[in-house]
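Breakdown of the fold
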Amino acid sequence: PGSYYLTGNLLGVGGSLSGIEIAVSNVSLDLNGFALIGGAASGVGVVATGSFNNIVIRNGLVSGWSIAGVITSAARNGQILDVSVEGCGVGMQIGSNFLIRGCTARSNVAQGFSLGSASTVVECTSTLNLHGFSSSGGTGVQILDSLSHDNTSLGIFLNGFGGAVRNCVVTNNDGGGITASSGYQIIGNACMNNGTAGGAGIHVNGTDNRVMENNV
């Protein structure tokens, strides 16, 4: 455990190796405004390797990692703050009970943000990915005051139960704007010019949803 920070840009060496591995609870990693750049056939930029608690990653760029920019999918109760991921496989693959604030995912091959249960996204941007924001099977995911645009599939895809999408701008996503299953509150969003390859501005395919005050 402890607090760690970069003092300059770091370049990965390739060979499916990760850039930084977090292998314990109670770790704060400050990229300090620098970049963590993947090499050829590289692994993951930053990865939490187990079911650890209280992981914080902040303030920098993670770019060019073949598998993912950031993976904390086995961890819980953490924060990702002011981190950009670009040109990776998945942008960020996040565990449960995480706060993701002020982050950007751009030009990743798969999802920009893949979210675990009870995660909250605030003031984030996802563009030019496959899905902008997604959660498969997660419960209680919230996406607030965020922007998802120009993704090749869905802007926001929530296939779990319960949660919210509020005050987001979801535009120009080829596969559709917001798609949700059951128990979601979809309120106050702007969902324009989505579905050029099929889909709709807002599509709910389950029960117990509340959809109101959106602009489509």
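This text gives an overview of the structure that appears in the document. (Residues numbered from 1 in each chain as written. Predicted model: local features only at pLDDT ≥ 70, side-chain atom pairs only at ≥ 80, totals over all residues. Heavy atoms only, no water.)

1. Some remarks on the overall build of the protein chain
Here is the rule we go by: Going along the chain from the N terminus, every DSSP run of H or I of four or more residues is numbered as a helix, and every run of E of two or more is numbered as a strand. In this setup the radius of gyration rests on C-alpha atoms only. A globule is expected at 2.2 Å times the number of residues raised to 0.38. Here the term buried applies to any residue with accessible area under 20% of the maximum for its type, exposed to any over 50%, and partly exposed to those in between, with areas from a 1.4 Å probe on protein chains only.
The number of helices and strands found in the protein chain is zero helices and 23 strands. Taken over the C-alpha trace, the protein chain has a radius of gyration of 17 Å; the compact-globule value for 216 residues is 17 Å, and the two agree within 12%. The C-alpha extent of the protein chain, read off along each of the three principal axes, is 45 × 30 × 25 Å. Here the protein chain, with 216 residues, has 51% of them falling under the buried criterion.

2. With respect to unusual backbone geometry
Trans is the common state for peptide bonds, and a negative phi is the common state for residues other than glycine. At S107, a position not held by glycine, the phi torsion is positive, near 60 degrees. You can see S107 is positioned in the loop between β12 (104-106) and β13 (113-114). According to the relative accessible area criterion, S107 is partly exposed, its value standing at 37%. Its identity as a non-glycine residue notwithstanding, E213 has a phi of 60 degrees, on the positive side. With respect to the helices and strands, the residue E213 is situated in the segment after β23 (210-212).

3. Some thoughts on the pairing of strand β11 (residues 96-101)
Keep this limit in mind: A pair of strands is treated as paired once DSSP finds two or more bridges between them.
Across five bridges, the pairing between strand β9 (residues 76-86) and β11 is parallel. Counted as the bridge partner of I80 is I100 from β11. As paired elements, β11 and strand β14 (residues 120-122) share three bridges and run parallel to each other. Paired with R101 across the two strands is V122, which belongs to β14.

4. Quick word on the pairing of strand β4 (residues 27-30)
In the case of a regular strand, side chains alternate between the two sheet surfaces. Alignment of strand β1 (residues 2-5) against β4, held across four bridges, turns out to be parallel. Note on β4: the bridge partner recorded for S3 is S28. In this sheet, strand β7 (residues 55-63) lies alongside β4 in parallel orientation, the contact comprising four bridges. Its bridge partner lying in β7, S28 is registered against V56.

5. Describing the nonpolar core
The line we're drawing: Only buried Ala, Val, Leu, Ile, Met, Phe, Trp, Tyr and Cys residues count toward a nonpolar core, and they belong to the same one when joined by side-chain atoms within 4.5 Å. The contact criterion used throughout is that any non-hydrogen atoms of two residues lie within 4.5 Å.
Judged by nonpolar contacts, the single largest core of 43 residues is most densely connected at I57, I80, M92, I100, F113 and I143. Residues contacting I100, with those up to four places away along its chain left out, are I80, M92, I94, F113, L115, S119, T120, V121, V122 and C124. Ranked by size, the runner-up nonpolar core spans six residues in total, among them V47, I71, V90 and A110.

6. Brief notes about the packing of aromatic side chains
In plain terms, the rule: Two rings from Phe, Tyr or Trp (for Trp, the six-membered ring) form a pair when their centres sit within 6.5 Å of each other. Planes less than 30 degrees apart are called stacked, planes more than 60 degrees apart edge-to-face, and all others tilted.
The final tally for this structure, using the stated rule, is one aromatic pair. Each ring, one from F113 and one from F133, has its centre 4.9 Å from the other, and the planes form 10 degrees; the classification is stacked. You can see F113 sitting in strand β13 and its partner F133 sitting in strand β16 (residues 133-144), a full 20 residues away along the chain. For the pair shown, F113 and F133 are each scored as buried.

By themselves these figures say nothing about function.
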